[in-house]
Amino acid sequence: MAVAEQFGGLATALAHARRLIAHSPTLAVEQLNEILRVIPRQGDAQRLLGTAYRALGDQLTVAGDVEGADRAYAQAIRASTGDPRLLEAAAALCDNKLAIAERMLRAHLKAAPTDIAAIRMLAEVGARLGRYGDAEKLLARALELAPGFEAARHNYAIVLFRQQKAAEALPEIERLLAHDARNPHYRNLKAALLARIGDYEPAIALYEEMLREHPREHRLWMSYGHVLRTAGRQDESITAYRRCVALAPSFGEAWWSLANLKTYRFEPAEAAAMRKALAGRDLKDEDRYHLHFSLGKALEDAGEFASSFKHYADANALRRRTVNYSADETHAHTQRSRALYTPSFFAERSGAGAATADPIFIVGLPRAGSTLIEQILSSHSQVEGTMELPDLALMARRLADQRLKSDVSKYPETVATLDRAALTALGEEYIERTRIQRKTGRPFFIDKMPNNFAHAGLIHLILPNAKIIDARRHPMANCFSAFKQHFARGQTFSYDLGELGRYWRDYAELMAHIDEVLPRRVHRVLYERMVGDTEGEVRRLLAYCGLPFEDACLRFNETQRAVRTASSEQVRRPIFGDAVEQWRNYEEWLHPLRDALGDAVERYERDSSL
């Protein structure tokens, strides 16, 4: 078919594709691939295709879809590669044959060590393998050889972003924007980076600027809603999410963004719209499980618990197929940690670590009340709330020394190889890495990453004066609350009731071991006690932290601050006990969870100190 008949002329089609790249890279990719199907090896279309795939990768990166972004970036490299010697490696990269691509590229670079295109491709292989440190070094080398290589600089910023190095990534994006100030994908990444370091107002302003230019870009409306929500501007965030839904009724993540406000109640017409979207034949699994989670919430609020559970179960079954999780590996990590962290192990290293007492770690399982504890402490004049900081987990990952995702982790055993100076250096590194999150100058700050319970021993060794608070909730209530929640990333144990029960047991077992080998080191806050005797629990919490009592901690719902978790709206209200027993509405369907928990439920109910 002639180009004129298919597209209204090649020039018109290419111009339209350029416009699509700015706000809808998926459609741009589809149109450019169609042009290349009709006119193979059309040069302008080929170059634009690389740009479109890069834009799609940016969009997916900001949305947290790392695997999808990796595939898009690989296609961008393939489309942009004109060197026939590298085309085969690019094809292997796109086919996810990473070992083959790496072998080809290393052989090529041995003969041509300054080939920046090949260096960039090898960095992409490293990123796909999760070796972000290697990718960072390779891209830094490419930029040393060619400072004007914008594609490599962009990849460099992305790799830094994925390593939670927002402060380092920002100057790279600013440098790109200096050459291309209106690039929407650079600006989108900048807004995400600003939000990551807690600079919400400039992030909001940047989203508003982009939305004035691209008012029909639904993903921008969702990102805008996220940052508004975090900043406490709930009504505006709801308006943004609803605008997103109006533009893309089948976009499941926008519906889930409304459901995830927790205090939001869907109208019957909205539930009907979600059912209609679910009936679509071409619906992607990602949209489908977001819609199932959202309808589960809508029907729970309506008291239709059987139908609600069916949607929650369908959502989790779909989501479980997309994640790689091994309950056996989690259990093995627990047992290895117990074997390593003995009283004598800690005694031999007494006095090591950074002396600062600034951090307050809140650990446990997600949905156990950790955000409530954070909000209470953040209402104190000496404590600053930040977010679920990824830094400790990234440091532990480095200690794991896994060159490939399939490698066996060497953590926590590698902790035994660290001398006193190394332990102190790690503590100081943590303080330095998290400094950018501290905005107020208050002497203490909170790291509310729940999964840090797995690193309680490491925390004690590198930051012996830091506080550790274990947020705990009835195991059935806690696990089912997590089962109802779709987590944007991480928490891969939460999409199967049996795996949830096993995870809770491993968590409780490890924390019991820490209590045994480091008595009184960890302060435990039980959600049910906090609800039943708020003032008493708050006084005990503050005493553990060495802080004087302040009445503002009882009026925590009046505290104005950014909250970056699923409980962000709930903690802006006074404490209510209505969530304590909600799981019992679903008890008849929770037998797999109860069986996996074993005697943990009876022990919790019998002895609430556990």
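To start, this report covers the structure provided alongside it.

**Focus: the overall build of the protein**
Scanning the protein for helices and strands turns up 31 helices and five strands. Here the C-alpha atoms of the protein give a radius of gyration of 25 Å, agreeing with the 25 Å that 2.2 N^0.38 yields for 610 residues. Expressed as lengths along the three principal axes of its C-alpha atoms, the size of the protein is roughly 75 × 60 × 45 Å. Relative to its full complement of 610 residues, the protein shows a buried share of 58%. A separation threshold of at least 6 residues defines the contact pool for the protein, and within that pool the share at least 24 residues apart is 69%. Total accessible area on the protein is roughly 25,500 Å²; 51% of this is exposed by carbon and sulfur atoms. Charge separation in the protein, taken as the distance between the mean sites of 83 positive and 81 negative side-chain charges, equals 3 Å.

**A word on the sheet that holds strand 5 (residues 522-526)**
Strand order in the open sheet formed by five strands is 2-3-1-4-5, and the pairing between neighbours is parallel. Two strands close off the open sheet at either side, each with one partner strand: strand 2 (383-387) and strand 5. Taking each pair of neighbouring strands and ignoring which way they run, the sheet shows an average axis angle of 25°. The pairing of strand 1 (residues 359-364) with strand 4 (residues 467-472) spans five bridges and is parallel. In the sheet register, Ile360 faces strand 4, and the bridge partner there is Lys467. Its contacts with the sheet put helix 22 (residues 370-378) on strand 1, strand 2, strand 3 (444-447), strand 4 and strand 5, and the angle it makes with strand 2 is roughly 145°. Along the sheet, helix 27 (residues 497-517) contacts strand 1, strand 4 and strand 5; its crossing angle with strand 4, the most-contacted strand, is approximately 145°.

**Quick word on the environment of Asn96**
With respect to the secondary-structure elements, Asn96 resides in the loop between helix 6 (84-94) and helix 7 (98-111). In this structure the side chain of Asn96 is engaged in a polar contact, spanning 2.7 Å, whose partner is the side chain of Arg128.

**Notes on the nonpolar core**
Leu258, Tyr341, Leu377, Val415, Tyr430, Ile469 and Trp504 are the most contacted members of the largest nonpolar core, which has 187 residues in total. No other element matches helix 27, which puts ten residues into this core. Once residues within four sequence positions are removed from consideration, Tyr430 is found in contact with Pro359, Phe361, Leu389, Asp391, Leu392, Met395, Phe445, Asp447 and Leu463. Of all hydrophobic cores here, the second largest spans 18 residues; its members include Ala13, Ala52, Tyr53 and Ala79.

**Some words on the side chain of Ser308**
If you trace the backbone, Ser308 turns up in helix 19 (residues 305-320). Here Ser308 is in contact with Gly296, Leu299, Glu300 and Tyr586, once residues within four sequence places are set aside.

**Examining the packing of aromatic side chains**
Counted under the stated rule, the structure contains 23 aromatic pairs. For the pair Trp255 and Phe266, a centre-to-centre distance of 6.2 Å together with 50° between the ring planes defines the contact as tilted. Residue Trp255 is found in helix 16 (residues 252-259), and its partner Phe266 is found in the loop between helix 16 and helix 17 (268-278); the two are separated by eleven residues along the sequence. Both residues of the pair, Trp255 and Phe266, belong to the buried class. Centroid distance Phe309 to Phe483: 6.2 Å. Interplanar angle 25°. Geometry classified as stacked. Of the two residues, Phe309 is situated in helix 19 and Phe483 in helix 26 (residues 475-483); the sequence distance between them amounts to 174 residues. Considered together, Phe309 and Phe483 belong to a single accessibility category, that of buried residues. Aromatic ring contacts, followed pair by pair, group Phe305, Phe309, Tyr312, Phe480, Phe483, Tyr586 and Trp589 into a single cluster. Directly above the ring of Phe345 sits Arg349, whose terminal nitrogen or CZ lies 3.7 Å from the centroid.

**A closer look at the pairing of strand 1**
The buried count for strand 1 comes to six of six residues, which makes it a mostly enclosed element. Residues Pro359, Phe361 and Val363 point to one face of strand 1 and Ile360, Ile362 and Gly364 to the other, with burial holding for every one of them. Alignment of strand 1 against strand 3, held across three bridges, turns out to be parallel. Bridge pairing links Ile360 to Ile446 in strand 3.

**A closer look at the pattern of salt bridges**
Think of it this way: side chains of opposite charge can pair up when their charged atoms draw near. Per the stated rule, a full pass over the model turns up 45 salt bridges. Across the pair Arg540 and Glu537 runs a salt bridge, and its minimum N-O distance is 2.6 Å. Of this pair, Arg540 and Glu537 are both found in helix 29 (residues 534-544), three residues apart, which corresponds to roughly one turn of the helix. Between Arg594 and Glu587 there is a salt bridge whose closest N-O contact spans 3.9 Å. For Arg594, a relative accessible area of 27% translates into the label partly exposed. A relative accessible area of 31% means that Glu587 is categorised as partly exposed. Here the salt bridges do not stand alone but share partners, grouping Glu581, Arg584, Glu587, Arg594, Glu602 and Glu605 into one network.

**Brief notes about the packing of helix 23 (residues 391-400) against helix 24 (residues 420-433)**
One can describe the packing of helix 23 onto helix 24 by two numbers: an axis separation of 10 Å at closest approach and a directional angle of 140°. In terms of orientation, helix 23 and helix 24 fall into the oblique class. Crossing geometry of helix 23 relative to helix 24 is assigned as right-handed. Mapping the contact onto sequence places Asp391, Leu392, Leu394, Met395, Arg398 and Leu399 in helix 23 and Leu426, Glu429, Tyr430 and Arg433 in helix 24. Taken together, the residues of the contact of helix 23 with helix 24 break down into six nonpolar, no polar and four charged.

Quick notes on the rules
- Residues numbered from 1 in each chain as written.
- Predicted model: local features only at pLDDT ≥ 70, side-chain atom pairs only at ≥ 80, totals over all residues.
- Heavy atoms only, no water.
- Helix = DSSP H or I, 4+ residues; strand = E, 2+ residues; numbered from the N terminus.
- Rg over C-alpha atoms; globule rule 2.2 N^0.38 Å.
- Buried < 20%, exposed > 50% of the residue type's maximum accessible area, 1.4 Å probe, protein only.
- Contact = heavy atoms within 4.5 Å.
- Areas by Shrake-Rupley, 256 points an atom, 1.4 Å probe, with all protein chains shown as cover.
- Lys, Arg positive; Asp, Glu negative; His and termini not counted.
- Charge placed at Lys NZ, Arg CZ, Asp CG, Glu CD.
- Pairing = 2+ DSSP bridges.
- Axes fitted to C-alpha atoms, helices over the stretch in contact; angles between N-to-C directions.
- Polar contact = N/O pair within 3.5 Å; in protein donor to acceptor, adjacent residues only side chain to side chain.
- Core = buried A, V, L, I, M, F, W, Y, C linked by side-chain atoms within 4.5 Å.
- Phe/Tyr/Trp six-rings, centres within 6.5 Å; stacked < 30°, edge-to-face > 60°.
- Lys NZ or Arg CZ within 6 Å of the ring centre and 35° of its normal.
- Salt bridge = Lys/Arg side-chain N within 4 Å of Asp/Glu carboxyl O.
- Parallel < 35°, antiparallel > 145°, perpendicular 65-115°, else oblique.
- Left-handed = near helix turned anticlockwise from the far one by under 90°.
- Nonpolar A, V, L, I, M, F, W, Y, C, P; charged D, E, K, R; others polar.

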